[in-house]
Amino acid sequence: MNVCNFVVFFLLSSAVHCLGDPKRDGKSPRLVCHFCSKSNSSQSDCTWINTTCDETSKYCYTMWINDSLSKGGVQRAGCWQQNANCEDSLCLGEKTHNGKGFFFCCCNENLCNGNFSLRPETTRSTVTSEPITTGGIIQYTNKPSKPDRRGPTYTLLYLVAPIFVIAVILIIGFFMYRRHKTPFPTRILEEELLNSIPPPSPELGFRPIQLVEVISQGKFGTVWKADYLEDVVAVKVFPMAHQTAWVCEKDIFTTCNLKHENILKFVAVEKHNNGSCSELWLITEYHEHGSLGDYLKSHVVTWPELCSMAGSMANGLAYLHTEVLESSFKPCIAHRDFKSKNVLVTKDLTCCLSDFGLAMKFDSGGDPGETHGQVGTRRYMAPEVLEGAISFTRESFLYIDMYAFALVLWELMSRCTAADGPVDEYKLPFEEEIGSHPSLEDMQQVVVQQKIRPKFRPDWFVHSNMASLLQTIEECWDQDAEARLTAQCVAERLSQFNTNSSFDLAHSPTVTTVVNNTNITPSSKESSI
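Residues numbered from 1 in each chain as written. Predicted model: local features only at pLDDT ≥ 70, side-chain atom pairs only at ≥ 80, totals over all residues. Heavy atoms only, no water.

Selection rule: UniProt positions are given in the numbering used here, feature names are shortened, and annotations may be inferred rather than shown by experiment.
The name given to the chain in an unreviewed UniProt entry is Serine/threonine-protein kinase receptor, and the organism recorded there is Pocillopora damicornis. Looking at the chain in UniProt, the text filed under Catalytic activity (unreviewed entry) is "L-threonyl-[receptor-protein] + ATP = O-phospho-L-threonyl-[receptor-protein] + ADP + H(+)".

The structure is reproduced here in structure tokens:
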């Protein structure tokens, strides 16, 4: 057994040598980078200064325009937090994929971003993989990628693993030799170990996106405002615990051919691995007004604005519910979590639908299959959802969306200035009846047993068009699911209101903005499961 003793001694010596390397225990000093930022687009040059990065920034970067390699063409430079292909001592750049002629490079040594240049054509295919975008998802070509340097733990693993494999082969060979067996199975074992390493994910983060500030906290993740080169985008960050919601929303955006002005515009998805913490990103278009619920907290709306918002919201839901049988097939989709928090207000005060983490798509002629019926936000749940009496058909799930749509229409009506009298403070549906945090039992008692709905003010019935809209709301939240209107029918009715949106302007007060100090904080009143 002298061979075994030698192998054990060899393994222990190698491990002690790797773990005892003083270079691996030292805390690296903070990086120093060149900093440069133009204050406005007309400025020809920016001022270069040296800046010390914080602990989270481990790289320097430079972004310049066109093919200029002089410092006069630099748009921005400074410290960088991301970890995408920045493990170079030289700042070698490539053209970005936003179509604006920008070049971007990053590096990992002090002041390395002061001397930047384009990556030579002969080495581009061997230094890094070239990203391409298909449907917003980052993929990679077959060009070999640069080795990923992931710190002392991976270095130690790379050193010890080959030694361990060799030791296993030696031990197995020794015992096979003593039993007069061929060592061929040892080679098979080695090949299986080498081939068991999983390939890199095609969705690993590559885009130079910088998170700026938190704008919303949702059920499944946090929404950030972020800078993507010269553009502003919204990034919804999912923890790994909510990977199912991220996968569902990603699939809805990337496989269902959603192309409509009243559906949130999708940009990309990314996976970010930051050591022990992994995050899933969903990148979309950014709307500065935020959600409809937040907008109504601090604004009132005129009748034309109400018609525009309600009509665009109905058009988006009708498109979502419709199966498109054309060259680009779009299945019928039920939202299943429709509420004012999941409707965004655009710059021109129209609306677009967002947050498809619970959405369900229906293949042509197919049934929904196995699913959980009681999902969504309690306050917006239809009676059949609250009592667990859903018929698992496509139409049943669409009726559930229409009930929630009626509640959002009521929220819009409650903040409209068209009626005579003061405009009430913004309240969520059923907030007056059961408060800010209703339980499932509270909602069942009010909606199912007592069949109560949010109240209509008497002065809303004074104007004929408002009275017609109230009738539409009542037909959408009917206790009988099959009696509810479809999204297409509501969209047609609202288009008629929008055409006549200038009715009785003498009764419409001057456009005002009301700020309720008690509702400014982003903390949500909604209870969800």
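After presenting the structure, the write-up continues.
### Regarding the overall build of the chain
Rules: The numbering of helices and of strands both runs from the N terminus, where a helix is a DSSP run of H or I of at least 4 residues and a strand a run of E of at least 2. Between buried and exposed lies partly exposed: a residue is buried under 20% and exposed over 50% of the maximum accessible area for its type, with that area taken using a 1.4 Å probe on protein chains only. Any two residues having at least one pair of non-hydrogen atoms within 4.5 Å are treated as being in contact. Only the protein chains shown count as cover for residues, with accessible areas throughout obtained via the Shrake-Rupley method and a probe of 1.4 Å.
Across its full length, the chain holds 14 helices and 18 strands. Expressed as a percentage of the 529 residues in the chain, the buried residues total 45%. Within the chain, residue pairs in contact and separated by at least 24 positions form 65% of the contacts whose partners lie at least 6 positions apart. Total accessible area computed for the chain in this model is approximately 27300 Å², and 54% of it derives from carbon and sulfur atoms.

### Some remarks on the side chain of Arg 484
The line we're drawing: Under this definition, polar contacts are N or O atom pairs within 3.5 Å; protein pairs additionally need one hydrogen-donor-capable and one acceptor-capable atom, and for neighbouring residues in sequence, both atoms have to be side-chain atoms.
Counting through the fold element by element, Arg 484 comes out in the loop between α13 (464–476) and α14 (487–499). The exposure class assigned to Arg 484 is buried, which follows from its relative accessible area of 4%. Among the polar contacts listed, one links the side chain of Arg 484 to the backbone oxygen of Tyr 399, at a separation of 3.1 Å. Within polar-contact distance, the side chain of Arg 484 engages the backbone oxygen of Asp 478 at 2.8 Å.

### Description of the pairing of strand β6 (residues 102–107)
The following threshold applies: What makes two strands pair is DSSP finding at least two bridges between them.
Burial within β6 is extensive, with 6 of its 6 residues counted as buried. Every second residue of β6 is oriented toward a common face, with Phe 102, Phe 104 and Cys 106 on one face and Phe 103, Cys 105 and Cys 107 on the other, all of them buried. Two strands pair when backbone bridges link them, and strand β3 (residues 59–65) and β6 are joined in this way by 6 bridges, in the antiparallel orientation. Paired with Thr 62 across the bridge in β6 is Cys 105.

### Considerations on the packing of helix α8 (residues 303–321) against helix α10 (residues 394–414)
Note the cut-off: Axes here mean lines fitted to C-alpha atoms, for a helix over just the part in contact, with angles spanning 0 to 180 degrees between N-to-C directions. When describing relative orientation, an angle under 35 degrees is termed roughly parallel and one over 145 degrees roughly antiparallel, while 65 to 115 degrees is termed roughly perpendicular and anything else oblique. Under this grouping Gly is polar, as are all residues other than the nonpolar Ala, Val, Leu, Ile, Met, Phe, Trp, Tyr, Cys and Pro and the charged Asp, Glu, Lys and Arg.
It is the contact of α8 with α10, at a shortest axis distance of 11 Å, that shows an interaxial angle of 170°. Taken together, α8 and α10 sit at an angle that is classed as roughly antiparallel. Contacts from Leu 306, Met 309, Ala 310, Met 313, Ala 314, Leu 317 and His 321 of α8 reach α10 at Leu 398, Asp 401, Met 402, Phe 405, Val 408, Leu 409, Leu 412 and Met 413. Residue composition of the contact of α8 with α10, grouped by class: 13 nonpolar, 1 polar and 1 charged.

### Comments concerning the side chain of His 287
Inspection of the secondary structure assignment puts His 287 in the loop between β14 (277–285) and α7 (292–298). Filtering out sequence-adjacent residues up to four positions away, His 287 remains in contact with Leu 264, Leu 344, Val 345, Thr 346 and Cys 352.

### Overview of unusual backbone geometry
Despite not being glycine, Leu 111 has its phi angle at roughly 60°, a positive value. One can find Leu 111 in the loop between β6 and β7 (116–118). Since its relative accessible area comes to 31%, Leu 111 is described here as partly exposed. A positive phi angle, close to 75°, is found at Arg 336, a residue other than glycine. In this fold, Arg 336 is placed in the loop between β15 (332–334) and β16 (343–345).

### Here we look at the UniProt feature "transmembrane region" (unreviewed entry) in the chain
Feature annotation in UniProt assigns "transmembrane region" (unreviewed entry) to the following positions: residues 156–177. Secondary structure content for residues 156–177 is 100% helix and 0% strand, while the C-alpha to C-alpha distance between its ends is 31 Å.

### Details of the nonpolar core
The criterion, for reference: For this analysis, a nonpolar core means a set of buried residues of the types Ala, Val, Leu, Ile, Met, Phe, Trp, Tyr and Cys, connected via side-chain atoms within 4.5 Å. Where each domain starts and ends follows an automatic or database-derived domain assignment.
The biggest cluster of nonpolar side chains holds 90 residues, and the ones touching the most others in it are Met 313 and Phe 405. Mapped onto the domain boundaries, this core takes at least three residues apiece from domain 2 (208–286) and domain 3 (289–503). Here Met 313 is in contact with Leu 292, Phe 338, Val 343, Cys 351, Leu 353, Phe 405, Val 408, Leu 409 and Leu 412, once residues within four sequence places are set aside. Met 63, Trp 80, Cys 106 and Ile 209 belong to the second-largest nonpolar core, a separate cluster that totals 18 residues.

### So, helix α6 (residues 243–255)
Threshold: What a helix is expected to span follows from its residue count: subtract one and scale by 1.5 Å.
Given a rise of 1.5 Å per residue, 13 residues ought to cover 18 Å, and the 17 Å separating the end C-alpha atoms of α6 matches this to within 8%. Within the sequence span of α6, burial applies to Ala 245, Trp 246, Cys 248, Glu 249, Lys 250, Ile 252 and Phe 253. Elements that come into contact with the buried residues of α6 comprise β12 (231–239), β13 (266–274), β14, β15 and β18 (360–362). Asn 257, located one to two residues past α6, shows a positive phi value of around 55°.

### Observations concerning the sheet that holds strand β4 (residues 74–80)
Strand pairing in a sheet is mediated by backbone hydrogen bonds. Such pairs are either parallel or antiparallel. With mixed pairing, 7 strands are arranged side by side in an open sheet as β2-β1-β4-β3-β6-β5-β7. The outermost strands of the open sheet, each flanked by one partner alone, are β2 (49–52) and β7. Averaged over all pairs of adjacent strands, the angle between their axes in this sheet comes to 30°, without regard to strand direction. In the sheet, β3 pairs with β4 via 6 bridges, with the strands oriented antiparallel.

### With respect to the environment of Asn 50
Take Asn 50: it is sitting in strand β2. Note on Asn 50: relative accessible area 51%, which makes it exposed. The sequence separation of Asn 50 and Gly 78 amounts to 28 residues, and the corresponding C-alpha distance is 8.7 Å. Sequence-distant contacts of Asn 50, defined by excluding residues within four places in its chain, comprise Val 32, Cys 33, His 34 and Leu 111. Looking at Asn 50, its side chain comes within polar contact range of the side chain of His 34, at 3.1 Å.

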